[in-house]
Amino acid sequence: MPTQGDAARCKVITATHLLPVQLHVAHPDADADDPHALDPVISASPRRGHSAIYSGLRAVSRVFEHVHVGLCAPDSSLCIVSGSNSESIGESPSLAKVVDRRTPPATPPPAAQSPPPVSQSAILRFLSSGAVDSPTGCALHPVFVPAQTASNHYEGYCKAVLWPLFHYMLWDSADANAQSRHWKDYVAVNRAFADAIIELYSPGDLVWVHDYHLLLVPAMVRNALPNAAVGLFLHTPFPSSEIFRCLPKRQEILTAMLGSNMIGFQTYSYARHFISSCSRVLGLESSPKGVDYKGFQVAIEIFPIGIDVDRVLGRLRDSTVRDKMASIREVYAGKYIIVGRDKLDQIKGVEHKMLAFEKFLALYPDWRNKVVLIQVTTPPHHDASRLESKITDLVSRINGTFGSLESVPVHHYHHHLEVDDYFALLSVADVGLITSVRDGMNTTSHEYVVCQNSSNHGPLILSEFAGTAGSLGGAILVNPWDYTGVAHAIHEALTQSKEEKLNRHNQLYKYVSLRTAEFWAKSFVKELQPSTQVPLQANPTPYLNFEFVRERYAASSRRMLLFDYDGTLTPIVKTPSAAHPPPEMLRALRVLAADPKNYVFVISGRDQAALDAWLGNIDGLGLSAEHGCFVKYPGDSKWQNLTEQIDLSWKNEVTEIFSYYTERTQGSFIEHKQSSITWHYRLADPDYGIFQAKECQNHLEHAIGSKLPVEILIGKKNLEVRPISINKGEIVKTLLDAQPAPGPDFVLCAGDDKTDEDMFKTLLRSDLGEDECFSVTVGPATKKTKATWHVQQPAELIQLLGKLAGTDGCDDAGEGKTRQNGGSER
């Protein structure tokens, strides 16, 4: 982590879906004598849940200036409390009260007419007054959106589309109109967050965006703040590409996430799924370290979350917790306690747990009347009545089958537990049982380990599909769908020796106590902070100044225009034969080639037949095929073969190698040229194609690279083998040397890939001045290149050619983009 001095120079802006506090409003009685006493009184309480996240953010607040951005409750749902002495939300009953069943349920107060909503300005004044004790220890910045928009964002898109998808559950999308509205409001809420972050941002700040509610925010912030350091952490799982590709807005979600400098995941498998989705859905190049997007590598990192161990240990030392532990032990005296605590969601596997426990009692009858399963389920935010009914039926069936007058095997409590009750229950348990079928961060396992440290050292049975499974090596891992396997694991946990319990527990406790919430948060910020220096190190290539090029073009009389074809004069396509020239490009080239002051050449990796078919009817245009192996000068009708004296017998051996990999790589094919051979894998499976390309490259390097005069070019989804003495740089050098003295006074050279870098290198070594030579790469500003300028897309270069030729309108689009991007962009 940085020093205090370093931290003082920047702040962290954290964005989560909701602020970490719940606001409450008290409206005094209408008969108050003082008119000012009628003003609503706002108070705040910590929001329930998310303690691990809040603990991590609180640790960051101790080092950095920290601002927390989140939704304030919409006006229609802001907790309104009538009467000056009213309390807000009813407290959850304690476990002891539920266990002895002596306390009747509270009678809800009669409904009252809600007073008018509190103004946003009043909420802003309250949050900035210093009277709020935030669980994250940082300043709070609310985001306000209309209630319906917030509902469509959260209930409509987050919980009905993204959350099921990320947990491997496909959704019912029968109502296309509703889904469209929900997506629109998802975008609107993300835009509101991005605007708030942009307003708070100062150069050098770190932006940390959390979870699936705000996946569009990184790109929105990036568009406004190209040099900002933006990190995204996904707390949920990320599904395999086969599941994710079902999402209609898959491209929008992925490209928005890639607006980040760094994306963090809970486990390597989630990160691997994200990288695979970027390759398969967007066709991007990637590595285990990140994804290449617009010439910039978005870092992909693993940050397993932890808990605040010191906080848990502090609560365990409290006498209240110890009294509750004694109370629970008294109620369940003589019983082995298996504890489960889950939100009542399908992904938590509560149903699987009940069925596995039923199987355990059937397979091991000696444990009947000796073991009790205490299952606490927390009510979810959405309606789960069907699942609750199913769990209730299962509990009744198990208790009816295996219970007796003396013993009830399953005790199910469906409510929020107070913290002291929760820690007391975890402490007295003999076994912890977690059977989630998909889970991003299940910190119950961490809290169970800490609570057991000074008590039973009870084993932990953990689903292998929980996000924490890969970290907690001392747990007994189970497949929640294998009820028999879980039953055997319960028996194993109950019969473990003290020595094995202690060894497993020590292994678990060592990890949990080191990888805390503080460690998680500080590690993320530490990895993100170097991103603030990336723009300085990248030395971005400036955007081409169209007006300056036009001025120099008009003032010159000996011009040389050199262009690559694929990816430069026409966009890259999956099928090479489909790269037809755009009509506007042909019009501009025809005019430019007809100007006697111009010497225009297209230098491509294509073969002669393709260039003749697409560009051969343009008078005065020179063509170079196969990276300079063949040349047809302006006005000539025949091609000159520059490789006549070169031995091409190596092609047979290369063809055999390429054929071997073509047979084993579905979707790949070989392109034969007169002087080179290219193996294309653009249509193959992205991951397998890259793997096979690396294997093929290694094979070529060992078989021919060291003994034959050839070189292996790694292109865009292809491998090409060509003579080592021929490249685009050599043909550019030949064309420059052939120009009559004193040589050209204007050169425009454009290309997009590695083979075009040879042209740029040749121009750098020439005697041309900076205002005479314009080497332009097609791609982002941060792309590694020898070119001195860049444009983003082939369409922009074609627009420039139209301006130079007079076949396009002069709308100053280039200069406007230059001013907008400040000369560079990510």
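Criteria and cut-off values
- Residues numbered from 1 in each chain as written.
- Predicted model: local features only at pLDDT ≥ 70, side-chain atom pairs only at ≥ 80, totals over all residues.
- Heavy atoms only, no water.
- Helix = DSSP H or I, 4+ residues; strand = E, 2+ residues; numbered from the N terminus.
- Areas by Shrake-Rupley, 256 points an atom, 1.4 Å probe, with all protein chains shown as cover.
- Core = buried A, V, L, I, M, F, W, Y, C linked by side-chain atoms within 4.5 Å.
- Buried < 20%, exposed > 50% of the residue type's maximum accessible area, 1.4 Å probe, protein only.
- Contact = heavy atoms within 4.5 Å.
- Phe/Tyr/Trp six-rings, centres within 6.5 Å; stacked < 30°, edge-to-face > 60°.
- Lys NZ or Arg CZ within 6 Å of the ring centre and 35° of its normal.
- Expected span 1.5 Å × (residues − 1).
- Pairing = 2+ DSSP bridges.
- Polar contact = N/O pair within 3.5 Å; in protein donor to acceptor, adjacent residues only side chain to side chain.
- Axes fitted to C-alpha atoms, helices over the stretch in contact; angles between N-to-C directions.
- Left-handed = near helix turned anticlockwise from the far one by under 90°.
- Nonpolar A, V, L, I, M, F, W, Y, C, P; charged D, E, K, R; others polar.
- Salt bridge = Lys/Arg side-chain N within 4 Å of Asp/Glu carboxyl O.

1. So, the overall build of the protein chain
- What the protein chain contains, in helices and strands, is 29 helices and 30 strands.
- Total accessible area on the protein chain stands at roughly 36200 Å², and carbon and sulfur atoms take up 50% of it.

2. Brief notes about the nonpolar core
- Residues L215, F238 and F274 are the most contacted members of the largest nonpolar core, which totals 67 residues.
- Residue contacts for F274: discarding those within four places in its chain leaves F238, L254, M257, L258, I263, F265, V291 and I300.
- Among the nonpolar cores identified, the runner-up in size contains 44 residues, and F546, L569, F630 and F774 belong to it.

3. Description of the packing of aromatic side chains
- In the structure shown here, the tally under the stated rule is 32 aromatic pairs.
- Ring geometry for F233 versus F524: centroids 6.1 Å apart, planes at 85°, classification edge-to-face. In this pair, F233 is assigned in strand β8 (residues 229–233) and F524 in helix α19 (residues 517–528), connecting sequence segments 291 residues apart. For the residue pair F233 and F524, the accessibility class agrees, reading buried in each case.
- Ring pairing ties together the aromatic residues F166, Y212, F238, F244, F265 and F274, which thus form one cluster.
- Over the face of the ring belonging to Y553 we find R559, whose NZ or CZ atom lies 3.9 Å from the ring centre.
- Taking the ring centre of Y660 as reference, the NZ or CZ of R664 above it sits at 3.7 Å.

4. Re helix α14 (residues 385–402)
- Here α14 contains 18 residues, and its C-alpha end-to-end distance of 26 Å stays within 8% of the 26 Å for a straight helix at 1.5 Å per residue.
- For α14, the elements touching its buried residues are α13 (350–363) and β15 (410–414).

5. Some details on the pairing of strand β9 (residues 262–265)
- On β9, burial covers both faces: M262 and G264 on one face and I263 and F265 on the other are all buried.
- Bridge analysis of β8 against β9 gives three bridges, and the strand direction is parallel. Paired with L232 across the bridge in β9 is I263.
- Where β9 and strand β12 (residues 296–302) come together, four bridges link them in parallel fashion. Of the residues in β12, the one forming a bridge with M262 is A299.

6. A look at α19
- With twelve residues, α19 should cover 16 Å at 1.5 Å per step; its first-to-last C-alpha distance of 17 Å lies within 8% of that length.
- Taken residue by residue, α19 has A517, W520, A521, S523, F524, V525 and L528 as its buried positions.
- Contact partners of the buried residues in α19: α2 (51–61), β7 (206–210), β8 and β9.

7. Thoughts on the pairing of β7
- The buried fraction of β7 is high, at five of five residues.
- The alternating pattern of β7 places L206, W208 and H210 on one face and V207 and V209 on the opposite face, and all of these are buried.
- Two elements, strand β1 (residues 11–18) and β7, share four bridges in a ladder whose sense is parallel. Each bridged residue has a counterpart across the sheet, and for V12 the counterpart in β7 is L206.
- Here β7 runs beside β8; their pairing, made up of five bridges, is parallel. Residue pairing in the sheet places W208 in a bridge with G231 of β8.

8. Re the side chain of T678
- Turning to its location among the elements, T678 is positioned in strand β25 (residues 677–680).
- Polar side-chain contacts of T678 include one of 3.2 Å to the side chain of E720.
- Once residues within four sequence positions are removed from consideration, T678 is found in contact with F658, F669, I670, E671, K673, N718, L719 and E720.

9. Some thoughts on unusual backbone geometry
- A cis amide bond links A741 to the next residue, P742, at an omega of 5°.
- Here P742 shows up in the loop between α26 (728–737) and β28 (746–751).
- One non-glycine residue, H457, adopts positive backbone phi at about 55°.
- Residue classification places H457 among the partly exposed residues on the basis of a relative accessible area of 21%.

10. Focus: the sheet that holds strand β17 (residues 460–463)
- Taking strand neighbours across the sheet as the criterion, the six strands line up as β15-β14-β13-β16-β17-β18 in an open arrangement whose pairing is parallel. The sheet terminates laterally at β15 and β18 (476–478), the two strands that pair on one side only. Each strand axis lies, on average, 20° off the axis of its neighbour in the sheet, ignoring direction.
- As paired elements, strand β14 (residues 371–378) and β15 share five bridges and run parallel to each other. Bridge pairing in β15 places T377 opposite H414.
- The strands that α13 touches are β13 (336–343), β14, β15 and β16 (431–434); relative to β14, the one it contacts most, it runs at about 170°.
- Packed onto the sheet, helix α17 (residues 483–494) meets β13, β14, β16, β17 and β18 and runs at close to 170° relative to β18.

11. Remarks on the environment of Y688
- When you line up the elements, Y688 lands in helix α25 (residues 686–705).
- For Y688, a relative accessible area of 36% translates into the label partly exposed.
- With 23 residues separating them along the chain, Y688 and T665 place their C-alpha atoms 7.7 Å apart.
- Among residues more than four places away in sequence, those in contact with Y688 are R664 and T665.
- Within polar-contact distance, the side chain of Y688 engages the backbone oxygen of R664 at 3.2 Å.

12. Digging into the sheet that holds strand β22 (residues 630–632)
- The eight strands are arranged β23-β22-β21-β20-β19-β28-β29-β30 in an open sheet whose pairing can be described as mixed. The sheet terminates laterally at β23 (640–641) and β30 (789–791), the two strands that pair on one side only.
- Bridge count between strand β21 (residues 621–625) and β22: three bridges; the pairing is antiparallel. Looking at β22, one finds that L623 is bridged to K632.
- Strand contacts of helix α27 (residues 757–764): β20 (598–603), β28 and β29 (773–778), with the helix running at about 155° to β28, the strand carrying the most contacts.
- Along the sheet face, helix α28 (residues 794–805) touches β19 (559–563), β28, β29 and β30 and points at about 155° away from the line of β28.

13. Structural notes on the packing of helix α16 (residues 444–451) against helix α18 (residues 498–514)
- It is at 9 Å that the axes of α16 and α18 come closest, and there the two elements cross at 115°. Here the hand of the crossing between α16 and α18 comes out left-handed. Counting all contacts with α16, which are made through H446, V449 and V450, the residues of α18 involved are H505, L508, Y509, Y511 and V512.
- Here the contact of α16 with α18 is composed, by residue class, of six nonpolar, two polar and no charged.

14. A short note on the pattern of salt bridges
- As enumerated under the stated definition, the model contains 28 salt bridges in all.
- With its nearest N and O atoms 3.3 Å apart, the salt bridge here joins D308 to R58. Pair noted here: D308 is in the loop between β12 and α11 (309–316) and R58 is in helix α2, with a separation of 250 residues, a long-range link.
- Within this structure, R62, E518 and K522 form a network of salt bridges that share partners.

15. Considering the packing of helix α21 (residues 546–555) against α28
- For the pair α21 and α28, interaxial distance at closest approach is 10 Å and the crossing angle is 35°. When you trace α21 past α28, the crossing you get is right-handed. From α21, F546, V549, R550 and Y553 reach across to α28, where they touch E796, Q799, L800, K803 and L804.

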